[in-house]
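# Analysis of the macromolecular model
Letter by letter, the chains look like this.
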Amino acid sequence: MDNISRLMFAVVMAMAYMAMGAEAQNTTMAPNSTVAANVTMAKVTMASNVTTASNVTTAFNVTTAFNVTTASNVTTAFNVTTASNVTTASNVTTASNVTTASIVTTTPVVNTTVTALTVNISRADCGRSRLCAAHPENCDPAVAGSCFFVSTQQSSGQTLSFQLRGVSSGYIAVGLSTDSTQGGNDTTYVCANNNSNVKFFTTLLDNKVLTIIKTLTVDPVMGSVNSQIIQCTFSATVPNATATKSTDTSFYLSISNGTFTNGDLGSPNAILVSDKAVDLSNPNTTVINSLNAALSSHAFGVPSQALLILLGVLGMMML
């Protein structure tokens, strides 16, 4: 059989086979029919098993996008317990419990309550246990008269006891200055005649103005008023005269008086001012009043002028 004949035979057989296949599809086959069993090919199991298309789990299982637990569970940002639980800063019990620092700021004891002084101040201990200064010089404060007197005695360190006596209808005062110029915020203790009772003040003198302050340690105070004679005693912790020394009680010492009207202290009139800084703790220190020379020249000024006028008149009468 030549090739053309073979080809035609194959085509006829194929057509016959296809006809038989079509007839087999339209025929209810028995379950044992192998052709029917092979109909699984006709079921195109490859098409029914399109698991690739139906199992598009890759598209639906976009768990990577929906399970954004990393972004939603930003517990790291919300659970900022480290910052919110700043118990170290809020619980600054160490700083608030600085009882040592609060104790260091010692509040000065300023007891200006005056109790009655029943004895007269005297010169009895001058030069032995007390430093004394007076105007007129060496006048006796225990005797009635115009005697301005102050004495000091060291109790301990910067603490001194003072005795002050003078004559005034207003006040008398003792001042402590670190230089010869009076009035540069000088510590000044004032005993005023307040309706025949002593009223005590701690003040600073600056530019002839006494400013009452409550930062000078004073306790206790005793005083009396008899007519215009004012007496008072008190204990005071005086400022350190020199910052470089632990204890320095050397000051220019002064006594003054002034007016006291309706609770206001007038400008002080200096009665005595030491000519140099004196150690208030040394009872053997001699205090010289630098104002004596001025007072003496003023005292002799008027008689000298009167004498010159008298001599002039006498001279004219002799002509």
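Residues numbered from 1 in each chain as written. Predicted model: local features only at pLDDT ≥ 70, side-chain atom pairs only at ≥ 80, totals over all residues. Heavy atoms only, no water.

## Comments concerning the confidence of the model for the protein
The condition is simple: The quantity known as pLDDT measures the predictor's confidence residue by residue, on a range of 0 to 100. Residue contacts are counted whenever heavy atoms from the two residues lie within 4.5 Å of one another.
Of all residues in the protein, 59% attain a pLDDT of 70 or more, and the chain-wide mean is 74. Across residues 22-96 the pLDDT falls below 50, and counting only partners more than four positions away or on other chains, this stretch makes 5 contacts in the model. Per-residue pLDDT stays below 50 along residues 296-311; that stretch engages in 0 contacts with residues further than four places along the chain or on separate chains.

## Regarding the state of the cysteines
Worth spelling out the cut-off: Any cysteine sulfur atom paired with another within 2.5 Å is treated as part of a disulfide.
Per the stated rule, a full pass over the model turns up 3 disulfides. Shown here for the protein is a disulfide pattern of 1-2, 3-4, 5-6, where each number marks a bonded cysteine counted in sequence order.

## Re the layout of surface pockets
The test is simple: Lining residues are those with an atom within 4 Å of a point, where the points come from a 1 Å grid over the protein atoms alone and group into cavities, where a 1.4 Å probe fits but cannot get out, or pockets, open sets with protein on both sides within 12 Å along at least five of seven lines. Grid points are joined across faces, edges and corners, and a volume is the space filled by probe spheres set on the points. Secondary structure follows DSSP: runs of H or I at least 4 residues long count as helices, runs of E at least 2 residues long count as strands, and numbering of each begins at the N terminus. The classification used treats Ala, Val, Leu, Ile, Met, Phe, Trp, Tyr, Cys and Pro as nonpolar, Asp, Glu, Lys and Arg as charged, and all other residues, Gly among them, as polar.
A volume near 240 Å³ is recorded for the second largest pocket. Along the wall of the second largest pocket there are 15 residues; nearest its centre are Gln-182, Gly-183, Leu-205, Pro-268 and Ala-270. Elements represented by at least two residues in the lining of the second largest pocket include exactly β11 (250-258) and β14 (269-273). It is β14 that provides the largest number of residues to the lining of the second largest pocket, a total of 4 residues. Among the residues making up the lining of the second largest pocket, the classes are represented as 6 nonpolar, 8 polar and 1 charged.

## With respect to the pattern of salt bridges
Quick note on the threshold: Each salt bridge in this description consists of a side-chain nitrogen of Lys or Arg and a carboxyl oxygen of Asp or Glu lying within 4 Å of one another. The rule is simple: take the accessible area with a 1.4 Å probe, protein chains only, and divide by the maximum for that residue type; under 20% is buried, over 50% is exposed, in between is partly exposed.
Applying the stated criterion to the full structure yields 1 salt bridge. Taking the shortest distance from any N to any O, the salt bridge between Asp-125 and Arg-128 comes out at 3.4 Å. A relative accessible area of 34% places Asp-125 in the partly exposed class. For Arg-128, a relative accessible area of 61% corresponds to the exposed category.

## Some words on the pairing of strand β10 (residues 229-237)
Test applied: We treat two strands as partners when DSSP finds at least two bridges between them.
Within β10, 8 of the 9 residues are buried, leaving the element largely enclosed by the surrounding structure. Here strand β4 (residues 159-167) runs beside β10; their pairing, made up of 9 bridges, is antiparallel. Bridge pairing links Val-167 to Ile-229 in β10. Bridge count for strand β9 (residues 218-226) against β10 is 7 bridges, and the pairing is antiparallel. Counted as the bridge partner of Val-218 is Ala-236 from β10. If you look at the hairpin formed by β9 and β10, you'll find 2 residues sitting between the two strands, and Ser-227 has a positive phi there, around 60°.

## Concerning the sheet that holds β9
We count it as follows: Think of each axis as a best-fit line through the C-alpha atoms, taken over the contacting stretch in the case of a helix, with angles from 0 to 180 degrees between the N-to-C directions.
The sheet built from 6 strands is open, its strands ordered β1-β9-β10-β4-β3-β2 with mixed pairing. Of all strands in the sheet, those with a lone pairing partner are β1 (114-116) and β2 (131-135), marking the two edges. Averaged over all neighbouring strand pairs, the angle between strand axes comes to 20°, with direction disregarded.

## Considering the packing of aromatic side chains
In plain terms, the rule: Within 6.5 Å between ring centres, the rings of Phe, Tyr and Trp (the latter by its six-membered ring) count as paired, and their orientation is classed by plane angle as stacked under 30 degrees, edge-to-face over 60, tilted in between.
Inspection of every chain in the model, using the stated rule, returns 5 aromatic pairs. Seen in terms of ring centroids, Tyr-189 and Phe-234 are 5.2 Å apart; in terms of plane orientation they differ by 45°. Their pairing is tilted. One end of the pair, Tyr-189, is in strand β6 (residues 184-193); the other, Phe-234, is in strand β10, and 45 residues separate them in sequence. Residue class for Tyr-189 comes out buried when judged on its relative accessible area of 0%. Seen in terms of ring centroids, Phe-201 and Phe-260 are 5.7 Å apart; in terms of plane orientation they differ by 55°. Their pairing is tilted.

## Quick word on the pairing of strand β5 (residues 171-177)
Across the 7 residues of β5, 7 count as buried, placing the element largely inside the fold. The two faces of β5 match: Tyr-171, Ala-173, Gly-175 and Ser-177 on one face and Ile-172, Val-174 and Leu-176 on the other face are all buried. Where β5 lies against β6, 6 bridges are found, and the strand directions are antiparallel. Residue Val-174 lies in a different strand from β6, and its bridge partner there is Tyr-189. Across 7 bridges, the pairing between β5 and β11 is antiparallel. Bridge pairing in β11 places Ala-173 opposite Ser-256.

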